[in-house]
Amino acid sequence: APFGYLFTEALRQVPRMFTAMRVPRIWRPCVGGLMVGLLGLLSPQLLGIGYGWVQTVLAPVENVSTSWSLAGLFLLFAVGKIVATSLTVGSGGSGGTFAPSIVAGGFIGGAVGHGVHQLWPGLAPVPAAFALVGMGAFLGGIGHVPLAAVIIVCELAGNYQLLVPLMAAGGVAFLLLRRTTLYPEQVRSPA
């Protein structure tokens, strides 16, 4: 939920930032692209769609054990992806928010999985499963589409073994993020 708030708020604040900086509208995508390019020099994982990088979270390299530093690195990638996407979309550049939501959620879930594995290895024998649940929870929470996110992630994974954790995490994220949404034009439900 905190990362969901960060993402939606960043998407709202970046256009305001460009207006406050008095950057002419025609130059905003150029300035935003330059900022994202500089982020990409620091970390190429932030550029592009990012599905390939999430695959590394899902299928970790052998002989690399879980650690707090790996969990922290995944969180940094998630925040970086949120910032890069907000700069791209908020400056008027070409791009969307669906794929970056999946990627950021995967990094967040991977970080949680590695963190839980450090504390209670028996509860998280496969930290990669947490990345899949993170994808669904993040997208379902900020997009207000928890059931669709569950189905999408189950189809991406190719099985429905994580159905119950996905539904639980997606439901909690949906409830915690009721006051914010990735899609402000979305019609509010009567409930």
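Everything quoted here is computed from the prediction, not taken from an experiment. (Residues numbered from 1 in each chain as written. Predicted model: local features only at pLDDT ≥ 70, side-chain atom pairs only at ≥ 80, totals over all residues. Heavy atoms only, no water.)

A. Quick peek at the confidence of the model for the protein. When pLDDT is averaged along the protein, the result is 85; 88% of the residues meet or exceed 70. Averaged pLDDT values over the elements of the protein bottom out at 68 in helix α3 (residues 51–58) and peak at 92 in helix α1 (residues 2–20). (pLDDT = per-residue confidence, 0-100. Helix = DSSP H or I, 4+ residues; strand = E, 2+ residues; numbered from the N terminus.)

B. Quick peek at the environment of Ala 111. Following the sequence through the fold, Ala 111 ends up in helix α5 (residues 98–119). Sequence separation between Ala 111 and Phe 74 is 37 residues, and the spatial gap between their C-alpha atoms is 5.4 Å.

C. Examining a nonpolar patch on the surface more closely. Nonpolar side chains collect at one region of the surface, where Ile 151, Tyr 160, Leu 163, Val 164 and Met 167 lie side by side and expose about 490 Å² of accessible area between them. Ranked by residue count, the leading element in the nonpolar patch is helix α8 (residues 163–176), at three residues. (Patch = residues over 30% accessible without salt bridge, like charges linked within 9 Å, V, L, I, M, F, W, Y side chains within 5 Å. Areas by Shrake-Rupley, 256 points an atom, 1.4 Å probe, with all protein chains shown as cover. Salt bridge = Lys/Arg side-chain N within 4 Å of Asp/Glu carboxyl O.)

D. Spotlight on helix α2 (residues 28–42). Between its first and last C-alpha atoms α2 spans 22 Å; for 15 residues at 1.5 Å apiece the expected length is 21 Å, and the two agree. Each element contacted by the buried residues of α2 is listed here: α1 and α4 (68–90). (Expected span 1.5 Å × (residues − 1). Contact = heavy atoms within 4.5 Å.)

E. The arrangement of the pattern of salt bridges in detail. For the structure shown, the criterion picks out one salt bridge. Note that Arg 12 and Glu 9 form a salt bridge whose closest N and O atoms lie 4.0 Å from each other. Note that Arg 12 and Glu 9 are positioned in helix α1 at a spacing of three residues, about one turn of the helix.

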